[in-house]
Amino acid sequence: MTHDLARPFGRLVTAMATPFRADGSLDVDGAARLATWLVDEQDHDALVISGTGGESPTTSDAEKETLLRVVVEAVGDRARIIAGVGTNNTAHTVELSRAAEKAGAHGLLVVTPYYNKPPQAGLIRHFTTVADAVGLPIMLYDIPHRAGVPIATETLVRLAEHPGIVAVKDAKGDLAGSADVLRRTDLAYYSGEDAAVLPLLSIGAVGVVGTSTHFIGPQTKAMIEAYERGDNAGALALHRQLLPLFTGIFRTQGTILVKAGLRLLGLPAGPVRSPLVDATEAETNQLLEDAAAAGQHLGTN
């Protein structure tokens, strides 16, 4: 794999769902199959393993390590594998980061510590402590509506000085703030909201860490590439075509609908773990409608 410094994790990244068996246990073979499908059939440059979309709050540390090793073995020769290691405990995040590095991860996704609402000085210490502990490139995950606190612009500028912190998954919804960080740093920005990819590209972002991209990977990458080559009208047409699924995948919690869609396609998924609940028939039917509106048929293979 060649690595573009401007796009350290490529253009198209998905926070992969974690397949479980009917009894709720980890489906190791299914994880390898799903990762292979995403890379070989859905044209992914990278996968996030054990992000929130992979139900990381309800998987054990041992399961996270097993899952990561399986996916690295399956597709790590042709895609970047990013381990979701963020917690609201710096010491635990360091432990997970070191374990992910040993398991063969190519990068780390580190979310803002959630619920305990640290001040900005605490965020700087948290992220730099993790970055100092490993030799892997780090993508910060800025998602205030889940974490409870934003990574402030000045904090991001400070963090960008660390050689190990190279990218941001941006789900802040602050276009002007993100533009300011992009103006002042070399951080690579990836949209953390599917529907915001095109607006963020317009201010200098390089790609997406998506959810609906489980199903519309090639089309989403085509949108990014159209914008990059100056075909603004083509990129906008694709954005408008895909918008029903960009937004529809979040009518309920995204993982719930991703797994419903994977089941429709006969791909490994299994149930979600509590406190999530599986999609209802009505929610599944609505997903089919949203996918169809985006030009995607979620039928059986």
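Residues numbered from 1 in each chain as written. Predicted model: local features only at pLDDT ≥ 70, side-chain atom pairs only at ≥ 80, totals over all residues. Heavy atoms only, no water.

Taking an unreviewed UniProt entry as the reference, the protein chain is identified by name as 4-hydroxy-tetrahydrodipicolinate synthase belonging to Actinoplanes nipponensis. UniProt, in its Pathway (unreviewed entry) section for the protein chain, records the words "Amino-acid biosynthesis; L-lysine biosynthesis via DAP pathway; (S)-tetrahydrodipicolinate from L-aspartate: step 3/4." UniProt lists a comment for the protein chain under the heading Function (unreviewed entry), and it reads "Catalyzes the condensation of (S)-aspartate-beta-semialdehyde [(S)-ASA] and pyruvate to 4-hydroxy-tetrahydrodipicolinate (HTPA)." (UniProt positions renumbered as here; feature names shortened; annotations may be inferred.)

**Observations regarding the packing of helix α1 (residues 28-40) against helix α2 (residues 61-75)**
Viewed as axis vectors pointing N to C, α1 and α2 meet at an angle of 45°, and their least axial separation amounts to 9 Å. The angle between the axes of α1 and α2 places the two elements in the oblique class. Between α1 and α2 lies a crossing of right-handed hand. Here V28, A31, A32, A35, T36 and V39 of α1 lie close against α2, whose contacting residues are T66, L67, V70, V71, A74 and V75. When the residues that make up the contact of α1 with α2 are grouped by side-chain class, the tally is 10 nonpolar, two polar and no charged. (Axes fitted to C-alpha atoms, helices over the stretch in contact; angles between N-to-C directions. Helix = DSSP H or I, 4+ residues; strand = E, 2+ residues; numbered from the N terminus. Parallel < 35°, antiparallel > 145°, perpendicular 65-115°, else oblique. Left-handed = near helix turned anticlockwise from the far one by under 90°. Contact = heavy atoms within 4.5 Å. Nonpolar A, V, L, I, M, F, W, Y, C, P; charged D, E, K, R; others polar.)

**Brief notes about the layout of surface pockets**
By volume, the largest pocket is sized at about 450 Å³. Taken together, 22 residues form the lining of the largest pocket, with T52, S56, G86, V111 and Y114 sitting closest to its centre. Elements represented by at least two residues in the lining of the largest pocket include exactly α2, α3 (90-102), β4 (107-111) and α5 (144-147). Here the lining of the largest pocket is composed, by residue class, of 10 nonpolar, nine polar and three charged. Size it by volume and the second largest pocket reaches roughly 370 Å³. If you trace the second largest pocket, you find 24 residues lining it, with Y141, R146, G192, T211 and F250 closest to the centre. (1 Å grid on protein atoms, 1.4 Å probe; cavity = no way out; pocket = protein on both sides within 12 Å on 5 of 7 lines; lining within 4 Å. Points joined across faces, edges and corners; volume = space filled by probe spheres on them.)

**Digging into the pairing of strand β7 (residues 188-191)**
Of the two faces of β7, the one holding A188 and Y190 and the one holding Y189 and S191 are both buried throughout. When strand β6 (residues 165-170) meets β7, the two strands line up parallel, connected through four bridges. Counterpart to K169 in the pairing with β7 is Y190. With two bridges joining them, β7 and strand β8 (residues 207-210) adopt parallel strand pairing. In the strand pairing of β8, S191 is matched with V208. (Buried < 20%, exposed > 50% of the residue type's maximum accessible area, 1.4 Å probe, protein only. Pairing = 2+ DSSP bridges.)

**Re α1**
The end-to-end C-alpha separation of α1 is 18 Å, in line with the 18 Å expected for 13 residues at 1.5 Å each. By the burial criterion, the buried members of α1 are G30, A31, A32, L34, A35, W37, L38 and V39. Packing partners of the buried residues in α1 comprise β2 (46-49), α2 and α11 (254-264). Two or three places before G30, at the opening of α1, D27 has a side-chain oxygen 2.8 Å from that residue's backbone nitrogen. (Expected span 1.5 Å × (residues − 1). Polar contact = N/O pair within 3.5 Å; in protein donor to acceptor, adjacent residues only side chain to side chain.)

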